[in-house]
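The primary structure of each chain is shown beneath.
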Amino acid sequence: MTSDLPPVASSRRLPKDRPARTEWGTLLLFLACILALGLGLTVMAAHAPGVAAVVTVLALVLHASLTHEVLHGHPFPSRRASEALVWINPGLFIPYLRFRDTHLAHHQDANLTDPYDDPETNYLDPAVWQRLPGWQRKVLMYNNTLLGRMIVGPVIGQVFFMRSDWAAIKAGDGQVMRGWLWHVPGVALVTGLVALSAMPVWLYLICAYAALSILKIRTFLEHQAHEKVRGRTVIIEDRGLLAFLFLNNNLHVVHHMHPKVPWYQLPTLYRSNLTRYLGCNDGYRYGSYRDVFAHHFLRAKDPVAHPLWARPSGPLGSDRR
């Protein structure tokens, strides 16, 4: 992502690659997350199933956010050591290797919101949209409200994700195949441990789905259709529970501009360069997740068909800055 705005004042303090030393705060948070998950499955599930379910959901959301930290190079200098922490996904649905590969592809900012080249977009090519049957259009339009994204979004996302990966596997993509083959033993291990715990497997599956629903709150507004690359990524100035569970990834412009910066440095970096970041993304900002719910809980944030797709100057317009 490029910009004609002045450089970030604290850019010399930004890590350029992997951390030079272990980030103990992130590691301790990971251990606390695993401890909370263990307590939810055992002591809490035996004595207070409702509380156990809530704790398990929150732990699974936090684990997903910590996984995001890992694929960006934290908390160890060694990539293998970091990935060992999250190789087994207690959230069950997404293989780590596939999340890593698709998310890093998503960080090619010039392709943000591209219906074909951005693996995390919810936009469709208008031509594809026109060919869909009416019931599918209605479901996808509902999915563009926050309520819909939380209720049916996990299913829709999983179906699209697995369909794309299955097509890649059939085409001979060994990397995609390996991602899923490595994932299967982890799913078996997690479900086996849950079966031996005090929490019923059916309740754990509900918790895993609920965790995905909460994560959909974060991804719902992260990117918008905009002719300029720098105007496609949001800032949500939240400091509450959701911001913590998302490890400050609500400050999404900051993360995309500096993907190697650890989660705990993002708020300070944003506050020290607030005017620059808001100028950079053309003011695509919400004051809090409360504002997001107020504006979009029942109202679609934008159309499913990409509104800027078919342009003579190029798919997303000529100004790709």
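Refer to the structure above for everything that follows.
Here goes a summary of the coordinates provided. (Residues numbered from 1 in each chain as written. Predicted model: local features only at pLDDT ≥ 70, side-chain atom pairs only at ≥ 80, totals over all residues. Heavy atoms only, no water.)

Regarding the layout of surface pockets
Here the second largest pocket defines a volume of roughly 330 Å³. As for the second largest pocket, its lining consists of 18 residues, and the residues nearest its centre are I34, L37, P90, V190 and L193. Listing elements by their share of the lining of the second largest pocket, those giving two or more residues are α1 (24–41) and α10 (174–196). With 5 residues, α1 is the single largest residue contributor to the lining of the second largest pocket. For the lining of the second largest pocket, the class distribution of residues is 14 nonpolar, 4 polar and no charged. (1 Å grid on protein atoms, 1.4 Å probe; cavity = no way out; pocket = protein on both sides within 12 Å on 5 of 7 lines; lining within 4 Å. Points joined across faces, edges and corners; volume = space filled by probe spheres on them. Helix = DSSP H or I, 4+ residues; strand = E, 2+ residues; numbered from the N terminus. Nonpolar A, V, L, I, M, F, W, Y, C, P; charged D, E, K, R; others polar.)

Looking at the side chain of H296
Looking at the element boundaries, H296 is found in helix α16 (residues 289–296). Here Y286 takes part through its side chain, which lies 2.9 Å from a polar atom of the side chain of H296. Not counting residues within four places of it along the chain, the set of residues in contact with H296 comprises T145, L146, L147, F220, L221, Y286 and K301. (Polar contact = N/O pair within 3.5 Å; in protein donor to acceptor, adjacent residues only side chain to side chain. Contact = heavy atoms within 4.5 Å.)

A word on the pattern of salt bridges
A full pass over the atoms with the stated rule returns 9 salt bridges. Salt-bridge contacts for E83 lead to R100; the nearest nitrogen and oxygen are separated by 3.0 Å. Linking E83 in helix α4 (residues 79–84) with R100 in helix α5 (residues 96–106), this pair joins segments that are 17 residues apart in sequence. Note on accessibility: E83 and R100 belong to one class, buried. R100 serves as the salt-bridge partner of D101, at 3.2 Å between the closest nitrogen and oxygen. Owing to a relative accessible area of 10%, R100 belongs among the buried residues under this scheme. Counted as one network, the salt bridges with shared partners bring together R79, E83, R98, R100, D101 and D165. (Salt bridge = Lys/Arg side-chain N within 4 Å of Asp/Glu carboxyl O. Buried < 20%, exposed > 50% of the residue type's maximum accessible area, 1.4 Å probe, protein only.)

Here we look at the packing of helix α3 (residues 49–71) against helix α11 (residues 201–220)
Two measures define how a pair of helices packs: the angle their axes make with one another and the distance between the axes. Closest axis-to-axis distance for the α3/α11 pair is 8 Å, and the angle between their directions is 50°. Regarding the angle of α3 to α11, the classification is oblique. Here α3 and α11 pass one another in a crossing that is right-handed. From α3, P49, A53, T56, V57, L60, V61, A64 and S65 reach across to α11, where they touch L203, Y204, C207, A208, A210, A211, I214 and L215. (Axes fitted to C-alpha atoms, helices over the stretch in contact; angles between N-to-C directions. Parallel < 35°, antiparallel > 145°, perpendicular 65-115°, else oblique. Left-handed = near helix turned anticlockwise from the far one by under 90°.)

Considerations on the packing of α11 against α16
At a minimum axis distance of 11 Å, the contact between α11 and α16 shows a crossing angle of 90°. In terms of their interaxial angle, α11 and α16 are classed as roughly perpendicular. Each of I217, R218 and F220 in α11 lies in contact with α16, whose residues at this interface are Y289, V292, F293 and H296. Here the residues of the contact of α11 with α16 are counted per class, giving 5 nonpolar, 1 polar and 1 charged.

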